[in-house]
Amino acid sequence: MSEIRLRGVTKRFGDIVAVDDVSLDVKEGEFVVLLGPSGAGKTTTLRLIAGLERPDDGEIFIDGAAATDMHPADRDVAFIFQQYSLYPHLTVFGNLAFPLRSPRRRVSEAEVAARVQSVVQMLHIESKLGNLATRLSGGEMQRVAIGRALVRQPKVFLMDEPLSSLDAKLREELRIEPKRLHRTIGATIIYVTHDQVEATTLADRIGILEHGRIVQVGAPRDVYGNPASLGAAQRLGSPPINLLPPVLFDPATMPAGTSTVAIRPEDIVLHAHDTRDVLNLRVLEYSPLRHLLIMERDGTAIVATTMTERNFTPGQTVGVSLPLRSLLYFRSDGRRIPA
Amino acid sequence: MDEPLGTLDADFRELMCLELRKLHNALNATTVYVTHDQREAMAMADDIVVMSGGEVLQSASPHEVYHFPATVFVGSFIGSPPMNFLAVDGGVEAGAESVSLSGVAVSVPRTATSAAKALLGVRPEHVVIDERGALRGRVIADEYLGSHQILVVETALGVMRVRVGKDEGLVAGSQVGMSFAKERTLLYDASSGKLLPGAARQMAVNGSGNGGAYV
């Protein structure tokens, strides 16, 4: 297992800058999740690390050694694709043994059998060894794809949305698999997803990508609680963070240059409407299911969540306070203003 | 509509839920929508029909399906994380207002029916971490989700999931006590998997009961 370093890596496709001056250090044994919308450059970053693409600028180091010009096969990284890409004509055993039978590796058949066996045990697919890869459920295919990376005992695992083509319930069940893998073998993992739940539950650190640039890297709590930009603030959080115009606030309490004030829905304090320091809002809708209260003031919607079920009727007025310590201030260009 | 949003990424799917519901309202349409994604179902439906193995298990408003799942399957399928189910010692008698969970008495809404083997069902947000709580367990994981977190607690009756606030995390290994929001506990017949009718059913919160068009 080992570390990865990107230094000012840039990749262009024609006029499009897919990855723009990205620098990132992934420590040995670390689980880093790259999070961003479609087209943010997540997959291209993984492909650059794997050597499937060559950077136009910048350098890549694996284990301290310059890897920018290294052949993909010499980098000793395993890539797990979104679509599994199993060999349909082979059995589960054949798929798992395939990387070990490469002439580059010269692993004995006894060793192949032993390694495959230990991998299927770890992934709980012992009973499926004889099945053709096409005769598996989605979850089993996903496990075989992980297993095929595991048998090689690579330095680094690169996972490209490995759960996104599974159905919702199965995705939730299998979310523990990469984490378990990480704990059991202490693997270095770079994991790409657009799913914020996967990001916050799996990652040691999250890297938020936007338009090919890394806008923030940090522990999940850090990125959620202390976002560097408006984009990063909106990337995490469900329901999303509230973005409010400065007119709702006392100018004396706001830093100069504030164009947006943001607050997380769970940080809004609801109470009776006669206390001081209160903003009176009109209720638009209350969803008891998600403990979600949608309110409005002068056309600005404000969403609050409560830990327990409450009772609200559309049209009623609710007094809320927006605690100063929970407010985040942003400039018009999206940069955070330290309070 | 047959899973029209299935291949979209998460953000766009949420947006499209809102758009589809608006479209439905604007057209005054009748819509039958098929999905495996409970969030889509909850966000858009007037009524949800939960199916498994070719059978309709429950057909009701999102509120009803969430708070009073007709079967153990529905309780596990709807809700993220799913409802917790704990085996009740012995069974339950009609009229009982308390059940025993591995020797600990837990009060429940009065049940109208008896069952030889029963399960107690409770949603993760209706379990309270409570030092004096009778049910004891050990935290084995803490899933951080930004706005809140899910504690995974190992107990004598199996693994429980408990929803707590974002600043109420506990390190793995902590010993905790738990109690339940009584009016939010349900009893199920363990052999048929069906909800036992009883007092809980009448204790629904007020409100429209409709998940509405908000995602």
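Residues numbered from 1 in each chain as written. Chains lettered and ligands numbered in written order. Predicted model: local features only at pLDDT ≥ 70, side-chain atom pairs only at ≥ 80, totals over all residues. Heavy atoms only, no water.

By the naming in an unreviewed UniProt entry, chain A goes by ABC transporter ATP-binding protein and is assigned to Caballeronia zhejiangensis.

Caption draft 1: Fine view of the overall build of chain A. A count of helical and extended segments in chain A gives nine helices and 19 strands. The dimensions of chain A, computed from C-alpha atoms along their principal axes, are 80 × 45 × 35 Å. Taking all 339 residues of chain A together, the buried fraction comes to 54%. Put simply, of all contacts in chain A between residues at least 6 apart along the chain, 66% involve residues at least 24 apart. Total accessible area on chain A stands at roughly 14800 Å², and carbon and sulfur atoms take up 50% of it. Of the side chains in chain A, 40 bear a positive and 40 a negative charge, and the two mean positions are spaced by 3 Å. (Helix = DSSP H or I, 4+ residues; strand = E, 2+ residues; numbered from the N terminus. Buried < 20%, exposed > 50% of the residue type's maximum accessible area, 1.4 Å probe, protein only. Contact = heavy atoms within 4.5 Å. Areas by Shrake-Rupley, 256 points an atom, 1.4 Å probe, with all protein chains shown as cover. Lys, Arg positive; Asp, Glu negative; His and termini not counted. Charge placed at Lys NZ, Arg CZ, Asp CG, Glu CD.)

Caption draft 2: Inspection of the overall build of chain B at higher detail. From N to C terminus, chain B includes four helices and twelve strands. On C-alpha atoms alone, chain B measures out to a radius of gyration of 19 Å, which is about the 17 Å that the 2.2 N^0.38 rule sets for 215 residues. Principal-axis analysis of the C-alpha atoms gives chain B an extent of 55 × 40 × 35 Å. Expressed as a percentage of the 215 residues in chain B, the buried residues total 45%. Of all intrachain contacts in chain B linking residues separated by at least 6 positions in sequence, the fraction that spans at least 24 positions is 58%. Put simply, chain B shows about 10100 Å² of open surface, and 53% of that area lies on carbon and sulfur atoms. (Rg over C-alpha atoms; globule rule 2.2 N^0.38 Å.)

Caption draft 3: Geometry of the sheet that holds strand E7 (residues 127-129) of chain B. Residues and elements named next belong to chain B. Taken in spatial order, the five strands make up an open sheet running E7-E11-E8-E9-E10, and their pairing is antiparallel. In the strand order of this sheet, the two ends are held by E7 and strand E10 (158-165), each with one partner. Across this sheet, the average inter-strand angle for adjacent strands is 45°, counted without regard to direction. (Pairing = 2+ DSSP bridges. Axes fitted to C-alpha atoms, helices over the stretch in contact; angles between N-to-C directions.)

Caption draft 4: Inspection of the packing of helix H3 (residues 109-123) of chain A against helix H4 (residues 138-150) of chain A at higher detail. Residue and element names in this part refer to chain A. Running from N to C, H3 and H4 cross one another at 140°; their axes reach a closest spacing of 10 Å. Considering the angle they form, H3 stands oblique to H4. Between H3 and H4 lies a crossing of right-handed hand. Here H3 contributes Val119, Met122 and Leu123 to the contact with H4, which in turn contributes Arg143, Ile146, Gly147 and Leu150. (Parallel < 35°, antiparallel > 145°, perpendicular 65-115°, else oblique. Left-handed = near helix turned anticlockwise from the far one by under 90°.)

Caption draft 5: How the structure looks around the UniProt feature "domain: ABC transporter" (unreviewed entry) in chain A. Feature annotation in UniProt places "domain: ABC transporter" (unreviewed entry) on residues 4-236 of chain A, given in this structure's numbering. In residues 4-236 of chain A, helix accounts for 34% and strand for 26%; the two terminal C-alpha atoms are 25 Å from one another. (UniProt positions renumbered as here; feature names shortened; annotations may be inferred.)

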